[in-house]
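# Structural overview
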Amino acid sequence: MITRQAAQQMDQEDPLAGFRSRFVGEADHALYMDGNSMGRQPKEAEALVGQALAAWREQLIVAWREWIRVPRRIGDLIATSILEAKPGEVIVGDSTSVNLYKAAAAALSAQPGRRTILTSDDNFPTDLYMLQSLAAQHSLELKLLPADPVNGLNGAVLRSALGPEVALVALSHVAYRSGALLDMGEMTRMAHAAGALALWDVSHSAGSVQVPHSGCRRRSRRACGSRCGAGSATASSSRWRTSSRRRRASSRSWSASRRSFPPSRSSPACAASRKQGSAACRPRDRS
Ligand SMILES: Cc1ncc(COP(=O)(O)O)c(C=O)c1O
């Protein structure tokens, strides 16, 4: 059993201890453990939101010149400090469910001819709903593998369900209810050996336990959704996939168009912003 004194000693030696004072609510002394869903508010949050509102107010559409870079900038930070991934492999945006949906849809379209999705019956409810709807849309079979209520999905159960018809194995690294930690590297290897892709929800492991990306890299067939920091359950999440998958499994939006940003000097928004003294518009479009 750990004594109070030993716990206090561990607190003192904790390299993250200094971060406590950067969050509001120090005075209440409550042991607030719900960091995964709605963490305490960082003290800087109010000022940072104020800065974003000021940029919107003062720069109008030109504010996108910086905002458009934020998903990659924060993604690189998450990649290198939390996920042990490489810069350029993590992008921040959308919610976990939307990211998982997009990653699963891309994975399924990369696996024509394979008609089965595997997941565990203890997976997070939204992940299951998302997989159910994808399976229904594409006339695929979704198999729910029975997970142990304490230890989670057993590797042998997964192995016996894998076969040439399996397109995708979609699992949570840490089970949201039991806390069971799956062997991500080994299960990914099993999926790859059967020609399937693996999609991991690391909402409850990123930042808490090591996420073994390196073990999953061998055939570069992984994608994951993670939710980090003090965000609420619907906070922005990040999506990771290895670089060699990126070209085949990409979804694009208007912001991917090179012609979209920054606004041309001739655009009405840019004219308005020039009046206010901003020079942040690019030269006139040649087209
Ligand atoms: C493991 C897990 N996956 C997915 C989600 C859904 O997250 P979101 O509401 O951000 O889509 C949650 C939310 O708590 C979660 O805990």
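What counts as what
- Residues numbered from 1 in each chain as written.
- Predicted model: local features only at pLDDT ≥ 70, side-chain atom pairs only at ≥ 80, totals over all residues.
- Helix = DSSP H or I, 4+ residues; strand = E, 2+ residues; numbered from the N terminus.
- Buried ≥ 20, exposed ≤ 12 C-beta atoms within 10 Å, placed from the backbone.
- Pairing = 2+ DSSP bridges.
- Right-handed = clockwise from strand over helix to strand, strands pointing away.
- Axes fitted to C-alpha atoms, helices over the stretch in contact; angles between N-to-C directions.
- Left-handed = near helix turned anticlockwise from the far one by under 90°.
- Contact = placed C-beta atoms within 7 Å.
- Expected span 1.5 Å × (residues − 1).
- Core = buried A, V, L, I, M, F, W, Y, C linked by C-beta atoms within 7 Å.
- pLDDT = per-residue confidence, 0-100.

Time to look at the overall build of the chain. Along its length, the chain carries 11 helices and seven strands. The buried share of the chain, taken over its 287 residues, is 29%.

The buried fraction of strand E4 (residues 166-172) is high, at seven of seven residues. Pairing analysis gives three bridges linking strand E2 (residues 116-120) to E4, with the strands arranged parallel. Among the inter-strand pairings, Ile-117 is bridged to a residue of E4, identified as Leu-168. Two elements, E4 and strand E5 (residues 197-201), share five bridges in a ladder whose sense is parallel. Looking across to E5, one finds that Leu-168 is bridged to Leu-197. In terms of handedness, the path from E4 via helix H8 (residues 184-193) over to E5 forms a crossover that is right-handed.

Describing two packed helices takes the angle between their axes plus the distance from one axis to the other. In contact at an axis separation of 10 Å, helix H5 (residues 96-109) and helix H6 (residues 125-137) are set at 35 degrees when each is read in the N-to-C sense. Along this stretch, H5 crosses H6, giving a crossing that reads as right-handed. Contacts between H5 and H6 involve Ser-97, Leu-100, Tyr-101, Ala-104, Ala-105 and Leu-108 on the former and, on the latter, Thr-126, Asp-127, Met-130, Leu-131 and Leu-134.

Our focus in this paragraph is helix H2 (residues 45-59). Between its terminal C-alpha atoms H2 stretches 21 Å, which fits the 21 Å expected from 15 residues at 1.5 Å a residue. Little of H2 sits inside the fold, with zero of its 15 residues counted as buried. Backbone geometry just downstream of H2 places Leu-60 in the positive-phi region, at approximately 50 degrees.

Membership of the largest hydrophobic core comes to 40 residues, with the highest contact counts inside it found for Ala-104, Leu-168, Val-169 and Leu-199. Elements supplying a minimum of two residues to this core: helix H4 (70-83), strand E1 (90-92), H5, E2, H6, E4, H8 and E5. Those residues in contact with Leu-168 that lie beyond four places of it in its chain are Ala-104, Ala-107, Leu-108, Gln-111, Ile-117, Ala-196, Leu-197 and Leu-199.

For the chain, mean pLDDT is 82; residues scoring 70 or higher make up 73% of the total. Note on residues 218-225: pLDDT is under 50 here. Beyond four places in sequence and across chains, it has 34 contacts. Within the model, pLDDT remains below 50 along residues 278-287, and this stretch shows 24 contacts once partners closer than five positions in the same chain are excluded.

Glycine aside, negative phi is the norm for most residues, and most peptide bonds take the trans geometry. Not every positive phi belongs to a glycine, and Asp-94 is a case in point at roughly 65 degrees. Within the element layout of this structure, Asp-94 appears in the loop between E1 and H5. For Asp-94, a count of 17 C-beta atoms within 10 Å gives the class partly exposed. If you check the backbone angles, Ser-139 has positive phi at about 50 degrees while not being a glycine. Inspection of the secondary structure puts Ser-139 in the loop between H6 and strand E3 (141-145). Among the residues examined, Ser-139 registers 7 C-beta atoms within 10 Å and is labelled exposed.

Here we take up H5. In this model, H5 (14 residues) spans 20 Å end to end at C-alpha, consistent with the 20 Å of a helix rising 1.5 Å per residue. For H5, the full list of buried residues reads Thr-96, Asn-99, Leu-100, Tyr-101, Ala-103, Ala-104, Ala-106, Ala-107 and Leu-108.

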